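A structural walkthrough
So you can see what is in the structure, the chains are spelled out below.
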Amino acid sequence: MKDIEDLIQKAVELQSNGLVTGQIAEELNVSRETVTWLLTRSKKEEITPAPKDISVDWNSIGKSAKRLYNISLALCDIVLETLEKINAEVDVVVGVAANGIPLASMMAYELGADLAIYHRKGQETVSTGHKGTISRNFGSVAGKNCVIVDDVITTGSTSMEVIEQLREMDAKPKLVVVLVDKKGVDTIYNVPIKSLVRVVRLD
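Residues numbered from 1 in each chain as written. Predicted model: local features only at pLDDT ≥ 70, side-chain atom pairs only at ≥ 80, totals over all residues. Heavy atoms only, no water.

Looking at the packing of helix α5 (residues 65–85) against helix α6 (residues 101–111)
- Direction vectors running N to C along α5 and α6 enclose 60°, while the axes themselves pass 9 Å from each other. In terms of axis orientation, α5 runs oblique to α6. As α5 packs across α6, the resulting crossing turns out to be right-handed. Residues A65, L68, Y69, I71, S72, L73, L75, C76, V79 and L80 of α5 pack against P102, L103, M106, M107, E110 and L111 of α6.
- Here the residues of the contact of α5 with α6 are counted per class, giving 14 nonpolar, 1 polar and 1 charged. (Axes fitted to C-alpha atoms, helices over the stretch in contact; angles between N-to-C directions. Helix = DSSP H or I, 4+ residues; strand = E, 2+ residues; numbered from the N terminus. Parallel < 35°, antiparallel > 145°, perpendicular 65-115°, else oblique. Left-handed = near helix turned anticlockwise from the far one by under 90°. Contact = heavy atoms within 4.5 Å. Nonpolar A, V, L, I, M, F, W, Y, C, P; charged D, E, K, R; others polar.)

Digging into empty space enclosed by the protein
- As enumerated under the stated definition, the model contains 1 cavity of 30 Å³ or more in all.
- Its boundaries defined by the atoms lining it, the largest cavity holds a volume of some 280 Å³.
- What lines the largest cavity is a set of 22 residues, and nearest its centre among them are E26, R120, V152, T154 and T158.
- When residues of the lining of the largest cavity are traced back to their parent elements, those giving at least two are α2 (21–28), β4 (145–153) and α7 (157–168).
- When residues in the lining of the largest cavity are grouped by element, the largest group, 4 residues, is from β4.
- Of the residues contributing to the lining of the largest cavity, the split by class is 7 nonpolar, 10 polar and 5 charged. (1 Å grid on protein atoms, 1.4 Å probe; cavity = no way out; pocket = protein on both sides within 12 Å on 5 of 7 lines; lining within 4 Å. Points joined across faces, edges and corners; volume = space filled by probe spheres on them.)

Re the pattern of salt bridges
- Counted by the stated rule, this structure contains 6 salt bridges.
- The partner of R120 in a salt bridge is E161, with the nearest N and O atoms 3.0 Å apart. Taken as a pair, R120 in the loop between β2 (114–119) and β3 (133–134) and E161 in helix α7 lie far apart in primary sequence, 41 residues in all.
- Owing to a relative accessible area of 11%, R120 belongs among the buried residues under this scheme.
- Note that D181 is salt-bridged to R198, the shortest N-O span being 3.4 Å. With D181 in strand β5 (residues 172–181) and R198 in strand β7 (residues 191–198), the pair connects residues that are 17 residues apart, well separated along the chain.
- Judged by its relative accessible area of 37%, R198 is partly exposed.
- One salt-bridge network, held together by shared partners, links E26, R120 and E161. (Salt bridge = Lys/Arg side-chain N within 4 Å of Asp/Glu carboxyl O. Buried < 20%, exposed > 50% of the residue type's maximum accessible area, 1.4 Å probe, protein only.)

Examining the nonpolar core
- Among the nonpolar cores identified, the biggest contains 29 residues, and V93 and M107 are the most heavily contacted of them.
- Listing elements by their share of this core, those giving two or more residues are α5, α6, β2, β4 and β5.
- Ranked by the residues each element gives to this core, the list is headed by α5, at 7 residues.
- If you look at the next biggest cluster of nonpolar residues, it comprises 19 residues, including V94, I153, L166 and I193. (Core = buried A, V, L, I, M, F, W, Y, C linked by side-chain atoms within 4.5 Å.)

What about the pairing of β2?
- Inspection of the sheet shows strand β1 (residues 92–96) paired to β2 by 5 bridges, in the parallel sense. Bridge assignment links V93 to a residue of β2, and that residue is L115.
- For the segment spanning β1, α6 and β2, crossover handedness is right-handed.
- Judged from the 2 bridges that link them, β2 and β3 form a sheet pairing that is antiparallel. The residue bridging Y118 from the neighbouring strand is I134, located in β3. (Pairing = 2+ DSSP bridges. Right-handed = clockwise from strand over helix to strand, strands pointing away.)

Considerations on the sheet that holds β3
- Taken in spatial order, the 7 strands line up as β3-β2-β1-β4-β5-β7-β6 in an open sheet, and their pairing is mixed. Among the strands making up the open sheet, the edge pair consists of β3 and β6 (187–188).
- Where α7 meets the sheet, its contacts fall on β1, β2, β3, β4, β5, β6 and β7, and the angle it forms with β4 comes to roughly 165°.

Structure follows, in structure tokens:
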């Protein structure tokens, strides 16, 4: 129960700092539904059953550049293995802001690829067509084979959003690679999903 109370406290703190539900979900690596449940519970309102979700805390990796580097090497190995199987190469590594950027930066260097950054927009209304953008300050994606890097897949909505945006820019998304896959699917929009860890619920 202590872990739940900690999550509630973190969610309330992030909300008081001005973050909206989608941003809190990204910070805590849980779904938006779980954030709503945590915030409702903090106000001691009528409690609905907890959503089926798993919180991922990878702070022990994120606070250490050395650990991030070593994890990025493991992810590069997964990327190379997967691309070899589908007979493809990587031209650009696309880091999803903010949590995917540190890994993507190191991976782009190791893979000898360009680095692109994807910024999300409209986090509260992803389903209504608000799209993010590829930063102009980094690599171009047009016509290039892209590997998308993020920290956690929870619902897959971010990956879907990035894949759609890349295709609209005439890029070729070849792979999504993450630290933790909570969704447990092999592909999203016909793009393979690979992870260091896949979480599978048995209930």
